[in-house]
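# Fold and geometry: a report
Each chain, written out:
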Amino acid sequence: MQGQTIAEKILGRASRSEAVRPGQIVDGEVDLLYMHEMLAMAMLPFNDIGTAKVWDPAKIVVTLDHWVPPPTPEIAKMHQTIREFCRKQGIQRFHDVGDHGIVHQLIAERGYAQPWDLVIGSDSHTNMVGAVGAFAAGIGATDTAAVMATGRLWLRVPETIRVDIQGTLGNRTGAKDVILKVIGTTGDDGARYAAVEFTGSTVKALPMNERFVLCNMTTEMGAKVGMIEADGVTRDYLAHAGRPFRPIRSDEDAAVAKTFTFDVDGMGPQVACPSNPANLKPVEEVEGTKIDVAFLGSCTNARIEDLRIAAELLKGEKVAHGVRFQITPASQIIYRQALREGLVEIFMDAGATFTSSTCGPCFGGHLGTLAGDEVCISSTNRNYPGRMGSPTAQVYLASPWTVTASAIYGEIKDPRKV
Amino acid sequence: MQTRFQGRVWTFGDDMSTDHIIAGRYLGTTDPNVFAAHAFEAVDASWAKNVRAGDLIVAGDNFGCGSAREQAPVALKTLGISAILANSFARIFFRNAINLGFPVLESPGLREKVNAGDVIEVDLDHGEVHLPDGGMTRFNPLPPNVLEILEAGGLVPKLRAELSAKSSP
């Protein structure tokens, strides 16, 4: 029998099938369903389906992340509705405001997703969670309602595209630069409907926080899932969850649709220019572009390691006059850790703003949006027109290194020169 | 379910993201009329006002890329757009639209054959698009399981029917 990819192994197990192949439609039993405020949209079709109870409250996690704290009475009401739904349905793992985080980060850091799991999330960046060796795919409100009612979801078994990364990352260059380079090469639909699996010596050497960055932005390649084999690094990261660890990897002879190979030796920081995540330039080519706003936040790049980078560059420095630099951690756990390590004081001394965890600015929702013609450099994942506020705002996507260096200089800056 | 649509065409290019279709700042509600009122504002601020029920969208590659926000197809469906024909669709947008009973049809090459304002006819049963010059082009057939959802009028009516069939003796 021919070998299988990680995606095929997990979908085979979750659909109790012998061996599944790309193109096949399977009915998957969901191990974990997680939701944010999309739950409010999903409740309407859920009620219409007519099953009074969710299929298994123990397999559901809910948090509030998009609008935290709620900026309008209507959204405060939406949160109330969600709170009440979780109480009535007996969903124990409801992480309310105060105990919240951007849902993908919250799932990752609390060890809620494990290798071999079929994970379904009500958000496109669910792909991030595939970095633990899970099959983690995003869906919309009606599919979410269907999973709540039945515990199942139909899925087309995806072809796997292998992205093999070799070489040693240079100074102040990281996974964000790698994934921007990958997207710039494949285009923002280069992996439509596919599973993207990252392999190679560079990936093996990456810590989990950087692996999450790679998988997170497979969404910006159009991928259904992003994944990395579950190895010793994964096991150590998940150890605190206290669940049995079962590694997973693609078989040597598994069939892949395509392989992209990247050699990162000599590669420097990368920037995705307005207004498409695939509009790639090396930082040297956009250096000197004046900025109004720098933002370090989102599920992509706002983990404690990213905040430490910001603090390292900001220590003893000031944010450029006229620039607002906002730092928004990806979860409350990270917020607390940043306080403990004294990072917040460094941010404040430098004149940066530090906020509670939320998705707000990344999707132009609240707590820091852009005016028309404002130019922003951001550690987030998308820069389509209107993404972070006004449709005429310009958004550049870059790493925490490049974002922070640019905040200090008031213009896009190569962090290696700081 | 209606299987023939004649309508006026609105054209769009490649990579029309969910941010183009409905911006994040309008999502703090569950009211579909709010989503509809601001549809495609990032492209054309008066678009939602000029759309008429029964109009069609013809677009390039990767339509609906980006977020999982179902508010995007909800906005377009609420305005009365009867179908979207594009070279290709992003996967979550595609699922969301089909789940709402909203036809989204992969029609490679159609974008180059029509202009804004053209009136075309879509024949779902025969997989055909009839062009103003009398020509005809085909869209890719929907996979059987997807067609089943669309024919049921969406995923909710399909599940309701299945659940009631299961519970009746």
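Residues numbered from 1 in each chain as written. Chains lettered and ligands numbered in written order. Predicted model: local features only at pLDDT ≥ 70, side-chain atom pairs only at ≥ 80, totals over all residues.

Here we take up the overall build of chain A. The helix and strand inventory of chain A stands at 14 helices and 18 strands. In terms of C-alpha radius of gyration, chain A reaches 21 Å, essentially the compact-globule figure of 22 Å for 418 residues. Taking the principal axes of the C-alpha coordinates as reference, chain A spans close to 60 × 50 × 40 Å. Across the 418 residues in chain A, those meeting the buried criterion constitute 61%. Taking the contacts inside chain A whose residues are at least 6 apart along the sequence as the reference set, 77% of them involve residues at least 24 apart. (Helix = DSSP H or I, 4+ residues; strand = E, 2+ residues; numbered from the N terminus. Rg over C-alpha atoms; globule rule 2.2 N^0.38 Å. Buried ≥ 20, exposed ≤ 12 C-beta atoms within 10 Å, placed from the backbone. Contact = placed C-beta atoms within 7 Å.)

For helix H1 (residues 6-14) of chain A, the buried fraction is high: 7 of the 9 residues fall into the buried class. One or two steps after H1(A), the chain reaches A:Arg16, where phi turns positive at roughly 50°.

All names here are of chain A. Per the domain assignment, the segments making up chain A are domain 1 (6-262) and domain 2 (270-417). Computed over C-alpha atoms only, the centres of domain 1 and domain 2 are separated by 24 Å. Counting from both sides, the interface comprises 34 residues of domain 1 and, opposite them, 31 residues of domain 2. Elements supplying a minimum of two residues to the side of domain 1 that touches domain 2: helix H4 (103-109), helix H6 (175-186) and helix H8 (208-216). Looking at which element gives the most residues to the side of domain 1 that touches domain 2, the answer is H6, with 6 residues. For the side of domain 1 that touches domain 2, the residue count by class is 11 nonpolar, 14 polar and 9 charged. (Domains from an automatic or database assignment. Nonpolar A, V, L, I, M, F, W, Y, C, P; charged D, E, K, R; others polar.)

Turning to the packing of H6(A) against H8(A), a few remarks are in order. All names here are of chain A. For the pair H6 and H8, the least separation of the axes is 9 Å and the interaxial angle reads 20°. With respect to each other, H6 and H8 are oriented roughly parallel. For H6 against H8, the interelement crossing comes out right-handed. On H8, the residues touching Ala-175, Lys-176, Val-178 and Ile-179 of H6 are Glu-210, Val-213 and Leu-214. For the contact of H6 with H8, the per-class residue count stands at 5 nonpolar, no polar and 2 charged. (Axes fitted to C-alpha atoms, helices over the stretch in contact; angles between N-to-C directions. Parallel < 35°, antiparallel > 145°, perpendicular 65-115°, else oblique. Left-handed = near helix turned anticlockwise from the far one by under 90°.)

Another point: the interface of chain B and chain A. Between chain B and chain A, the residue contacts involve 34 residues of the former and 42 residues of the latter. Listed by contribution, the elements that provide at least two residues to the side of chain B that touches chain A are helix H1 (18-21), helix H5 (91-99) and helix H8 (155-167) of chain B. Here the residues of the side of chain B that touches chain A sort into 12 nonpolar, 13 polar and 9 charged.

As summarised here, the arrangement of the 5 strands in space is S4-S3-S2-S5-S6 (chain A), forming an open sheet in which the pairing is parallel. The sheet is open, and its two borders are formed by strand S4 (94-95) and strand S6 (135-138) of chain A, each paired with just one other strand. (Pairing = 2+ DSSP bridges.)

Moving on: the sheet that holds strand S6 (residues 128-130) of chain B. Residue and element names in this part refer to chain B. Read from one edge of the open sheet, 7 strands run S4-S3-S2-S1-S5-S6-S7, paired in mixed fashion. What marks the edges here is a single partner per strand, and that holds for strand S4 (104-106) and strand S7 (136-138). The mean angle between the axes of side-by-side strands here comes to 30°, regardless of whether they run parallel or antiparallel. Relative to S4, strand S3 (residues 83-86) is paired through 3 bridges, and the arrangement is parallel.

A word on the packing of helix H5 (residues 141-150) of chain A against H8(B). One can describe the packing of H5(A) onto H8(B) by two numbers: an axis separation of 10 Å at closest approach and a directional angle of 20°. As far as their axial angle goes, H8(B) and H5(A) are roughly parallel. You can see that H5(A) and H8(B) cross each other, and the crossing is right-handed. Residues A:Thr142, A:Ala146 and A:Ala149 of H5(A) form the contact with H8(B), whose participating residues are B:Leu155, B:Val156 and B:Leu159. Across the contact of H5(A) with H8(B), the residue classes tally to 5 nonpolar, 1 polar and no charged.

We now examine the environment of A:Trp154. As for its placement among the helices and strands, A:Trp154 is situated in strand S7 (residues 152-156). C-alpha separation for the pair A:Trp154 and A:Asp27, spaced 127 residues apart in sequence, amounts to 4.5 Å. Once you skip the residues sitting within four places of it in the chain, A:Trp154 turns out to touch A:Ile25, A:Asp27 and B:Asn145.

For chain B, per-residue confidence averages 96 on the pLDDT scale, and residues scoring 70 or more make up 99% of the total. Overall fold confidence for the complex sits at a pTM of 0.98, while the interface term, ipTM, reaches 0.97. (pLDDT = per-residue confidence, 0-100.)

Next up on the list: the pairing of strand S9 (residues 195-199) of chain A. All names here are of chain A. For S9, the tally of buried residues reaches 4 of 5 residues, placing the bulk of the element in the interior. What joins strand S8 (residues 160-166) to S9 is H6, and the crossover it makes is right-handed. Of the pairings in the sheet, the one linking S9 to strand S10 (residues 225-227) comprises 3 bridges and is parallel in character. Paired with Ala-195 across the two strands is Val-225, which belongs to S10. (Right-handed = clockwise from strand over helix to strand, strands pointing away.)

Attention shifts here to the environment of B:Thr30. Here B:Thr30 shows up in the loop between H1 and helix H2 (32-37). Take B:Thr30: there are 19 C-beta atoms within 10 Å of it, and that puts it in the partly exposed class. When the C-alpha positions of B:Thr30 and B:Gln71 are compared, they lie 8.5 Å apart, and in sequence the two are 41 residues distant. Those residues in contact with B:Thr30 that lie beyond four places of it in its chain are A:Ala40, A:Met41 and A:Leu44.

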